[in-house]
Amino acid sequence: METIFMQTAVTASAISGTVSISFQAAGLLLSGALISKYQPSARKLAAWNVCLGFIYVLVKIAFTQLGCNPGNLAHGSLMVHEGGSGDGSWNLTTTCNAACNCRVNKILPVCYKEEQTLYYSACHAGCSSFVNNTGTNCSCLPTAESTVTLGTCSEGCYKIFLMFLAINSVIRFLDSSGRIGNLLVIYRCVDPKEKSLAIGLGIFLISIFALLPAPIVFGFIFDKSCLVWGTKCGTKGNCWLYDGETLRYAYNLTAAGFTFIGAMFDVLVWYHVNDLDLYDEDKNVEKRRQNNRRQASQ
């Protein structure tokens, strides 16, 4: 959110975290109450999860178009290593700021509003003076009278951030409303003596196919979207500047792809839970016994 919506880490974490958790909790409580009262069939609950999956895919695709334009980024030049290869990172030192000996610390962006150009810092804009959040006497600007101001060049970005937050909150609410139905299907589709095994197997599969690869896949996406790497003791450190547009597309489309795969498995669940009774376990046990007898007699 810092990169795509130009918000501070505190603002992004505090607002989005609080709102997301609140809506998730509300979705769980409300769905639990509705299921307890109306007792919908397993087929209906599974169908709801299928719908949620495809809605989530569409929203993630739509999120590729939702972001702030920070302005024309003045990066410098693309780094090229021996042999003509490059890792996509940028050298922020240019002719106009070479004498400034600028350090690549945490980004402190400044904007030259006349041309909507964003610089990594006032130093990288070649400014010899920076007072009251305004840089003056900047060698990288067209004239000596030109100034840069602290912050990005995006205007109205907070409204876009609030729009994203509102849509994301609704999605979190809807997504959590399908969790109770999923648990009921898991608990009822196996024999009572095999429930603990089913829960353990479910957690194992989630860990193997979701919790373990997710940080690797999305970490790779973040690394590939990095423009400026920091250094620590001569080695590559944290990324200080990301390509927001590349990150927005890669992150959301990857999430949409994985969600689509999950939605297809939800379709299989919907197809196979036709006669499952979620509210009478004895009836399910009897049905399984009858099926076993029928298969044994064939």
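Refer to the structure printed above.
It should be emphasised that the depicted structure is a prediction, and the values quoted were computed from it without experimental measurement.

**Q** So, the overall build of the protein chain: which residues are in play, and what are the values?
**A** Across its full length, the protein chain holds 8 helices and 10 strands. In the protein chain, which comprises 298 residues, the proportion classed as buried is 32%. Sequence separation of at least 24 residues holds for 65% of the intrachain contacts in the protein chain that already meet a minimum separation of 6. Element-wise, carbon and sulfur atoms account for 62% of the exposed surface of the protein chain, whose accessible area totals about 18000 Å².

**Q** Tell me about the sheet that holds strand E1 (residues 72-74), residues and numbers included.
**A** The strand order across the open sheet built from 6 strands is E1-E5-E4-E8-E7-E6, with neighbouring strands paired in mixed fashion. Since the sheet does not close on itself, it has two edges, and those belong to E1 and strand E6 (127-131), each with one partner. The average angle at which neighbouring strand axes cross in this sheet is 30 degrees, direction not considered.

**Q** Quick rundown of the pairing of strand E9 (residues 226-232)? Include the residues and the values.
**A** Side chains on a regular strand alternate between the two faces of the sheet. When you tally the buried positions in E9, you get 5 out of 7 residues, the bulk of the element. Two elements, E9 and strand E10 (residues 235-242), share 5 bridges in a ladder whose sense is antiparallel. Among the inter-strand pairings, Thr-231 is bridged to a residue of E10, identified as Lys-236.

**Q** So what about the state of the cysteines? Which residues, and what values?
**A** As enumerated under the stated definition, the model contains 6 disulfides in all. The disulfide partner of Cys-96 is Cys-140, and the S-S distance across this bridge is 1.9 Å. Taking the torsion about the sulfur-sulfur bond, which here is approximately 90 degrees, the covalent link between Cys-96 and Cys-140 counts as right-handed. Pair noted here: Cys-96 is in the loop between strand E3 (90-91) and strand E4 (110-112) and Cys-140 is in the loop between strand E7 (134-138) and strand E8 (148-150), with a separation of 44 residues, a long-range link. Paired through a disulfide, Cys-102 and Cys-123 show a sulfur-sulfur distance of 2.0 Å. Here the S-S torsion is close to -95 degrees, and the disulfide linking Cys-102 with Cys-123 is therefore left-handed. Remark: Cys-123 occurs in the loop between strand E5 (117-119) and E6 and Cys-102 occurs in the loop between E3 and E4; sequence separation between them is 21 residues. Residue classification places Cys-102 among the buried positions, given a relative accessible area of 17%. Since its relative accessible area comes to 27%, Cys-123 is described here as partly exposed. Regarding the disulfides, the protein chain carries the connectivity 1-10, 2-8, 3-5, 4-9, 6-7, 11-12 under sequence-order numbering of its bonded cysteines. Unpaired in terms of disulfides, Cys-100 finds its nearest cysteine sulfur in Cys-102, a separation of 4.7 Å.

Conventions and cut-offs
- Residues numbered from 1 in each chain as written.
- Predicted model: local features only at pLDDT ≥ 70, side-chain atom pairs only at ≥ 80, totals over all residues.
- Heavy atoms only, no water.
- Helix = DSSP H or I, 4+ residues; strand = E, 2+ residues; numbered from the N terminus.
- Buried < 20%, exposed > 50% of the residue type's maximum accessible area, 1.4 Å probe, protein only.
- Contact = heavy atoms within 4.5 Å.
- Areas by Shrake-Rupley, 256 points an atom, 1.4 Å probe, with all protein chains shown as cover.
- Pairing = 2+ DSSP bridges.
- Axes fitted to C-alpha atoms, helices over the stretch in contact; angles between N-to-C directions.
- Disulfide = S-S within 2.5 Å.

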